Amino acid sequence: MKRNLIRETIKKAGKGVVLQGWVDSIRDHGKITFIDLRDRTGLVQCVGSDLPKVTSESVVEIVGEVVKRPEKLVNKNIPTGEIEISIEKLKIISKAGEIPLPLDTEGLDIDEEVRNKYRYLDLRRPRMAGNMRVRSQVTQFIRNYLHNEEFVEIETPILTKTTPEGARDFLVPSRLQQGKFYALPQSPQQYKQLLMVAGIEKYFQFARVFRDEDPRADRAYGEFTQLDVELSFVTQEDILDLSEKMFTSLVKEIFPEKKISEAPWPRISHKDAIEKYGSDKPDLRKDKNDKDELAFAWVLDFPLFTEQSKQDYFHGSGTSKWAPSHHMFTSPHPDDLALLDEDPSRVRGLQHDLVLNGLEVGGGSIRIHDPKIQSKIFDLIGFSKKQISQFDHMLEAFSYGVPPHGGIAPGLDRFLMAVLGEPSVREVMAFPTSSSGQTSVLNAPSEASDGQLKELGISVKK
Ligand code: ASP
């Protein structure tokens, strides 16, 4: 017998159906029992008598007939509310034991560790299941959009070498070369620039990026996903224009109920943002209580450098006053080149930050493509010869014909969090790492065996 989906039942009054799914709820009225059955397409009420004993969240098969409900019993809250299933046979496929957390609420008040431990159950709640589907629609939309614009989707390595983006690296020990380590990428920054040297011209990927940051609500500790984009022969204007058009059509198609506050998106200089709003990611919503308002904005003209403070840039280079505001591949504003020698604090960078409802959703820049300027920046941020030598491959690559290029990397998790009005990026990730750094369900990190450590030439201090 072929399975019918719950959404098909609406049009099948008078017909027989075979449904398979989860028991969402049971109401036992003595002689007759109501079961709400759930599958990926919805919920339907089923009615029967003398049914086998079944528990909530069990997986069952229901064979029955679709019957129209009398007018006064129609349930307007669900799409299948005009019909119900008269159960002929109920088969228990897999019985569920007691469910360790409530699934009929939004779930936001449940302890995070519990939700993560049982994430496969937590994802059954409609809000979470909905978020997963929206996420998939968003990535699908972006893929199509960028392919239509002749972008090429390219994956870059996860086992790699550090590209400093200002956070701490996750390290992976090498077995073949004991004492050496890979770093998980904080971003594919160097690879995407090398792809421009390679002549790809238009690149993107949904890149998994890893940052060992102290966990905060809007940044996943551990890993998150960014839409990484790089283009050649472009100006900053081209990058802003592409991003603005893409996100505007995305919102129109996937979130038609949302209103973008202002178009074209406001552009604010970093200086004005700080002076006027006291923040470099101002929340420009006209009505902050309106959950359907999306206030996109660009913040531009960032200072190229910030003062290097307690936390020394790039693992304690610490020999200079200056650290890059964005990253060290960001181009200085061409009008400010002379200031690099005179007063670095006044040099503007060709950096752009994408802000949405007060969240920094992404950043990017036009890159340096002149090795002389790149060396000058290394100097100014106080890199030693040895530190510069870690980037020799970039300087060398740039000596073989490099197009002017630039890009952007909107965070997918952050964008979804902002658009869906979720309180944390974890609400839009299937298996997030908790705020204390434990992974969902599998509960990493865990200890390595003595044998594994021995192969790696590592001993752990107790
Ligand atoms: N690599 C940057 C980041 O991850 C984005 C960029 O400059 O394109 O924030």
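Residues numbered from 1 in each chain as written. Predicted model: local features only at pLDDT ≥ 70, side-chain atom pairs only at ≥ 80, totals over all residues. Heavy atoms only, no water.

Asks: Tell me what's going on with the packing of helix α3 (residues 126-148) against helix α5 (residues 236-254), and back it up with residues and numbers.
Replies: Between α3 and α5, the shortest axis-to-axis distance is 10 Å and the interhelical angle comes to 135 degrees. Classed by the angle they form, the pair α3 and α5 counts as oblique. In the crossing of α3 with α5, the sense of the turn from one axis to the other is right-handed. Contact with α3, carried on its side by Gln-137, Val-138, Phe-141, Ile-142, Tyr-145 and Leu-146, involves Leu-242, Lys-245, Met-246, Ser-249, Leu-250, Glu-253 and Ile-254 of α5 and no other residues of that element. Looking at the contact of α3 with α5 residue by residue, the class counts come to nine nonpolar, two polar and two charged. (Axes fitted to C-alpha atoms, helices over the stretch in contact; angles between N-to-C directions. Helix = DSSP H or I, 4+ residues; strand = E, 2+ residues; numbered from the N terminus. Parallel < 35°, antiparallel > 145°, perpendicular 65-115°, else oblique. Left-handed = near helix turned anticlockwise from the far one by under 90°. Contact = heavy atoms within 4.5 Å. Nonpolar A, V, L, I, M, F, W, Y, C, P; charged D, E, K, R; others polar.)

Asks: Just give me the short version of the pairing of strand β18 (residues 359-366), but keep the residues and values in it.
Replies: Summarising burial for β18: seven of the eight residues are buried, a large majority. In the sheet, strand β17 (residues 351-356) pairs with β18 via six bridges, with the strands oriented antiparallel. Paired with Gln-351 across the two strands is Ser-365, which belongs to β18. Once β17 ends, the chain turns through two residues before running back antiparallel as β18, passing Asn-357 with a positive phi of about 45 degrees. Two elements, β18 and strand β19 (residues 405-410), share five bridges in a ladder whose sense is antiparallel. Its bridge partner lying in β19, Gly-363 is registered against Ala-409. (Buried < 20%, exposed > 50% of the residue type's maximum accessible area, 1.4 Å probe, protein only. Pairing = 2+ DSSP bridges.)

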